[in-house]
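# A structural walkthrough
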Amino acid sequence: MLQFLRLLLLLLLPPPGSPEPSEPPGLAQLSPVEPPQPPDLLYADGLRAYSAGAWAPAVALLREALRSWAALGRARRDCGVSCAAEPGAALPTQILGAPQPASGPGTWEPLLLRATLRRAECLTQCAARRLGPGGAARLRVGSALRDAFHRREPYNYLQRAYYQLKKLNLAASAAHTFFVANPTHLQMREDMAKYRRMSGIRPQSFQDLATPLYWAAYDTGLKLLGQQEATLALPKLEEALQGSLAHMESCRANCEGPEEQQGAEEDAEEESQGGLYEAIAGHWIRVLQCRQRCVADTATRPGRSFPVPDFFPSQLRRLHGAYAQVGNVSQAIENVLSVLLFYPEDEAAKKALNQYQTQLGEPRPGLGPREDLQRFILRSLGEKRQLYYAMEHLGTRFKDPDSWTPEDLIPKALREKLREDQEKRSWDHEPPQSKPLTYWKDVLLLEGVTLTQDAQQLNGSERAVLDGLLTPAECGVLLKLAKDAADAGARSGYRGRRSPHSPHERFEGLTVLKAAQLARAGTVGRPGAKLLLEVSERVRTLTQAYFSPERPLHLSFTHLVCRSAIEGEQEQRMDLSHPVHADNCVLDPETGECWREPPAYTYRDYSGLLYLNDDFKGGDLFFTQPNALTVTAQVRPRCGRLVAFSSGGENPHGVWAVTQGRRCALALWHTWAPEHREQEWTEAKELLQEEEEEEEEEEEETLSRDSAPEPPSHKLQRVQDKVGKPHRIREEL
């Protein structure tokens, strides 16, 4: 613990980097005549004004909430820098590992506490000067507000308020800002389309008011490099690197804020019953964990789920290449040496370094890696060393976000344990991996079936897209079956009327039993009804092999469904073909909960959609987060494509509007419960088998009977005896 607490004093070292712009770009800056007010109160007042239709006050309050939030972050960052550079802030050499004089045990404690108190006093006074009486404590915000600002929700309200005030260009800017961070938000997608159709809105109004400026410089630099304009690209690439380093410093400063610790401390309250030093160590560990996450935060674009891989090393690789192109060999060497700080054995970087040194000739004194990157790496390695120490000795958790961390930095015993844990990861926590065609042939005996997308590629859990379950000819047979049944007026679901989910579409459904009855009556072809049974079993076999190989699945319901766009009713259509839902629970988007209780079909465990055609517009399947708004994946139908997934709240899904044509698919649900096995499937199979047996009997009778034929009335009576009993027809989506 003594070693760990000494490392704690690294908190008092000044962070490197330059500050970011003082205000979020875009909106006109508000003059801070007085210290900022608490952003949570401003935001709440803004929402109340919005709900009351007081649009101008709502705009003013929401903008002031954004300004107050930004001011809090700037004050925390600037105060941290100034207090670290204050005279007397240097750490005593005794604590930093220098030889200690002969003294009694615990002489380091007064030094630690005095340094901590001195830094706390400086930070408190600085915050009071910047933020008014009470400082940062007065502006402390909760996790709900932090999440709302992270999702840019104030801009969603701003765009609507600006629209009501007829300030359309400002509305478009606010809408675009929200949409950049929420690109799958359904309502905003529609609003953006409306704004782009409005003639009075200038194209330049579609600007992002909140994304850090380094992303624009980064994208511009990459574009210029692609156009072989290295001279023009270099200033943008440098701006992107400096801006991303500055953003990371802001993120790190926020890790020391009280609200950043609030949730973690509440979670850890029951776990820790220690005293002063355990509390200090626990708080410091959470600060370090947060700081390490800042690299991924900086490398993640707004609206994206994952960071740009190797963000800082990749920028340095582009910089040294661009400097070499323009003939600035010294700067090229500086940046390639910086790459080698991350990856000392990078062969491409070592080869480039040798080439640059040859071009330069005699070595130049003082030529080395970039100082800002040297500080970044040394500091990061020091923090990782402390976190791995805490993992080994205090039982804490840490997931290293960087691929360049040296293996020898991790304690040997911990290194072996991490490797074992990785090898023992269970199926429940790993998405299905792509399997070759030979696997599907051997396991499923279905030639031509391929795994197109697994759960990881679909950004979820227990999802898969497989192609090749039907041939084009088989799709044609099932499409003809659906058309013939519809023409005969034998719709099982909604009799071809308007869909219960959308007034702009017609819905037709056919169950396996109804198909068998129609085939028996000669209304539809028997090959189509037989294929419907065969294909449903084919899907069940595949779904069980993929998701539940050790536990049998049973078909619980099979439904051939077609949705047709109603002509003349598709202009500016705003609804979905099928709203977002889950198949075995009642989804509550407000809370993200999914209640597994009636009226939901709680016995369903896996779902499947087997598509028959793609000659229509719209109609794509999409998955969302539990809020039913944020789209996580989208699948385009095509003949023979199966989308299979678990039926619970982990897979909310819906269907985009079918705006032209007719979309047909086979919907199937599977269950682990034998008592919920689809009885109509068995009845349909028996009915078709009876018909085959009758035909065989008739053929035999034709060969052996005498000249006296059976009266037609007797034959009709025998057929009615077999099919005359009433069958239960299920009407279900």
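Residues numbered from 1 in each chain as written. Predicted model: local features only at pLDDT ≥ 70, side-chain atom pairs only at ≥ 80, totals over all residues. Heavy atoms only, no water.

### Topic: the packing of aromatic side chains
The final tally for this structure, using the stated rule, is 22 aromatic pairs. Between Y50 and Y157, the aromatic rings sit 5.0 Å apart at their centres with planes inclined by 80°, giving edge-to-face as the arrangement. Of this pair, Y50 sits in helix α2 (residues 39-51) while Y157 sits in helix α7 (residues 153-164), placing them 107 residues apart in sequence. Y157 sits in the partly exposed class, given a relative accessible area of 26%. Here the aromatic residues Y214, W215, Y218, F311, F312, F342, F376 and W404 are joined through ring pairs into a cluster of three or more. (Phe/Tyr/Trp six-rings, centres within 6.5 Å; stacked < 30°, edge-to-face > 60°. Helix = DSSP H or I, 4+ residues; strand = E, 2+ residues; numbered from the N terminus. Buried < 20%, exposed > 50% of the residue type's maximum accessible area, 1.4 Å probe, protein only.)

### A short note on the side chain of T632
Its location among the elements puts T632 in strand β11 (residues 631-635). For T632, a relative accessible area of 17% gives the class buried. Here R463 takes part through its side chain, which lies 3.2 Å from a polar atom of the side chain of T632. Among all residues touching T632, those that are not within four sequence positions of it are L458, N459, R463, F623, T624 and Q625. (Polar contact = N/O pair within 3.5 Å; in protein donor to acceptor, adjacent residues only side chain to side chain. Contact = heavy atoms within 4.5 Å.)

### As for the sheet that holds strand β3 (residues 505-511)
Backbone hydrogen bonds are what pair the strands of a sheet, in a parallel or an antiparallel way. Reading across the sheet, the seven strands line up as β1-β2-β12-β8-β15-β4-β3 and stay open at both edges, with antiparallel pairing between neighbours. Either end of the sheet is taken by a strand with one partner, and the two such strands are β1 (450-453) and β3. Strand-to-strand, the axes of this sheet are offset by a mean angle of 25°, without reference to chain direction. Alignment of strand β8 (residues 606-611) against strand β12 (residues 642-646), held across five bridges, turns out to be antiparallel. Each residue of the ladder has a partner; that of G608, found in β12, is A644. Most of the contacts of helix α21 (residues 512-521) go to β3, to which it runs at about 75°, and overall it touches β3 and β4 (554-565). (Pairing = 2+ DSSP bridges. Axes fitted to C-alpha atoms, helices over the stretch in contact; angles between N-to-C directions.)

### Brief notes about the state of the cysteines
Counted according to the given criterion, the structure contains seven disulfides. At a sulfur-sulfur separation of 2.0 Å, the disulfide partner of C251 is C294. With the S-S bond torsion at -80°, the cross-link from C251 to C294 turns out left-handed. With C251 in helix α11 (residues 230-254) and C294 in helix α13 (residues 276-299), this residue pair connects regions lying 43 residues apart in the sequence. Here C251 matches C294 in class, with each residue buried. (Disulfide = S-S within 2.5 Å.)

### A word on the sheet that holds strand β13 (residues 653-655)
Taking strand neighbours across the sheet as the criterion, the four strands line up as β5-β13-β10-β11 in an open arrangement whose pairing is antiparallel. A single partner strand is all that each edge strand has here, and the edge strands are β5 (578-581) and β11. Strand-to-strand twist across the sheet, computed as the mean angle between neighbouring axes with direction ignored, equals 20°.

### Side note on unusual backbone geometry
With phi around 50°, D310 is a residue other than glycine that occupies positive phi space. We note that A628 has phi near 65°; this positive angle belongs to a residue other than glycine. As for its position among the elements, A628 is in the loop between β10 (621-624) and β11.

### Here's the deal with the environment of Q355
Tracing the chain through its elements places Q355 in helix α16 (residues 347-360). Relative accessible area serves as the criterion here: at 44%, Q355 is assigned to the partly exposed category. Linking Q355 and V329, residues 26 residues apart in sequence, is a C-alpha distance of 9.7 Å.

### Looking at the nonpolar core
In terms of nonpolar packing, the biggest core is built from 50 residues, with F312, F342 and F376 touching the most fellow members. Elements represented by at least two residues in this core include exactly α10 (213-226), α11, α13, α14 (311-325), α15 (329-342), α16 and α17 (371-394). For F312, the contacting residues outside a window of four places in its chain are L241, S244, L245, M248, V295, T298, F342 and F376. Counting residues in hydrophobic clusters, the runner-up holds 44 residues, among them Y546, L553, Y606 and L612. (Core = buried A, V, L, I, M, F, W, Y, C linked by side-chain atoms within 4.5 Å.)

### Here we look at the confidence of the model for the chain
Averaged over all residues, the pLDDT of the chain is 80; the fraction at 70 or higher stands at 79%. Low confidence marks residues 425-445, where pLDDT is under 50. Its contacts with residues over four positions away, or in another chain, come to 34 contacts. Low pLDDT, under 50, characterises residues 490-495; the predicted model gives this stretch 20 contacts beyond four residues in sequence or across chains. (pLDDT = per-residue confidence, 0-100.)

### Some thoughts on the side chain of T177
Here T177 lies in helix α8 (residues 168-181). A relative accessible area of 0% means that T177 is categorised as buried. Contacts of T177, omitting those with residues within four sequence positions, involve R152, Y155, Q207, D208, L209 and A210.

### Side note on the packing of α21 against helix α22 (residues 526-547)
Direction vectors running N to C along α21 and α22 enclose 155°, while the axes themselves pass 8 Å from each other. Of the possible angle classes, the one that applies to α21 and α22 is roughly antiparallel. The handedness of the crossing between α21 and α22 comes out as left-handed. Residues V512, A515, A516 and A519 of α21 form the contact with α22, whose own contacting residues are R526, A529, L532 and L533. Classifying every residue of the contact of α21 with α22 by side-chain character gives seven nonpolar, no polar and one charged. (Parallel < 35°, antiparallel > 145°, perpendicular 65-115°, else oblique. Left-handed = near helix turned anticlockwise from the far one by under 90°. Nonpolar A, V, L, I, M, F, W, Y, C, P; charged D, E, K, R; others polar.)

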